[in-house]
Amino acid sequence: MTIKQISQAMERNRCRYALQIDRIRLGEPGIGELRDLLADAWLRAMQRHYQLLWDYLQLRDDAARHPRLSMEQLRAPVRPAELPEALSRYVTTTRQPGC
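Our subject in this report is the structure included herewith.

Reading the values: rules and limits
Residues numbered from 1 in each chain as written. Predicted model: local features only at pLDDT ≥ 70, side-chain atom pairs only at ≥ 80, totals over all residues. Heavy atoms only, no water. Core = buried A, V, L, I, M, F, W, Y, C linked by side-chain atoms within 4.5 Å. Buried < 20%, exposed > 50% of the residue type's maximum accessible area, 1.4 Å probe, protein only. Helix = DSSP H or I, 4+ residues; strand = E, 2+ residues; numbered from the N terminus. Contact = heavy atoms within 4.5 Å. Expected span 1.5 Å × (residues − 1). Salt bridge = Lys/Arg side-chain N within 4 Å of Asp/Glu carboxyl O.

**Regarding the nonpolar core**
In step 1: Residues Y17, I21, I24, L34, L38, A39, A41, W42, A45, M46, L83 and L87 constitute the largest nonpolar core, which totals 12 residues.
In step 2: Of all the elements, helix α2 (residues 31-62) adds the most residues to this core, at seven residues.
In step 3: Leaving out residues up to four positions away in the same chain, Y17 has contacts with A41, W42, A45, P77, V78, R79 and P80.
In step 4: Core analysis: the second largest hydrophobic core is formed by nine residues, M10, L52, L59 and L69 among them.

**Re helix α1 (residues 3-26)**
In step 1: Compared with the 34 Å implied by 1.5 Å per residue over 24 residues, the 35 Å span of α1 between its first and last C-alpha is a close match.
In step 2: By the burial criterion, the buried members of α1 are I3, I6, S7, A9, M10, N13, R14, Y17, I21 and I24.
In step 3: Buried residues along α1 sit in contact with α2.
In step 4: Trailing α1 by a residue or two, E28 shows a phi angle of about 50°, which is positive.

**With respect to the pattern of salt bridges**
In step 1: Inspection of every chain in the model, using the stated rule, returns four salt bridges.
In step 2: Between E11 and R14 there is a salt bridge, and its shortest N-O distance comes to 2.7 Å. Separated by three residues within a single helix, E11 and R14 lie in helix α1, roughly one turn from each other.
In step 3: Under the relative-accessibility criterion, R14 is labelled buried at 7%.
In step 4: Here R25 and E82 are joined by a salt bridge, their closest N and O atoms 2.7 Å apart. In this pair, R25 sits in helix α1 while E82 sits in the segment after α2, placing the two residues 57 residues apart along the sequence.
In step 5: The exposure class assigned to R25 is partly exposed, which follows from its relative accessible area of 35%.
In step 6: A relative accessible area of 27% places E82 in the partly exposed class.

Right under this line is the structure:
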């Protein structure tokens, strides 16, 4: 994967995630179900983000000639306001089956 492909994949991940969050909210699930669905979507998006970030850091460190991505390009998916900030500590960078 090139740095450009990683940047594009990060953008696609953020867009897919935003659309998924919108669909979840429009489905009007109950409060408990809403939090579960939002948490699942956010955690999956964050796992993908960290996989891509790891790939980027490997490329960037292997050769100084690779362009660096801006902070905006490296931006992670935003945690939904309905979820507690403490959920962030549960985000992992391990690859899950099917990811």
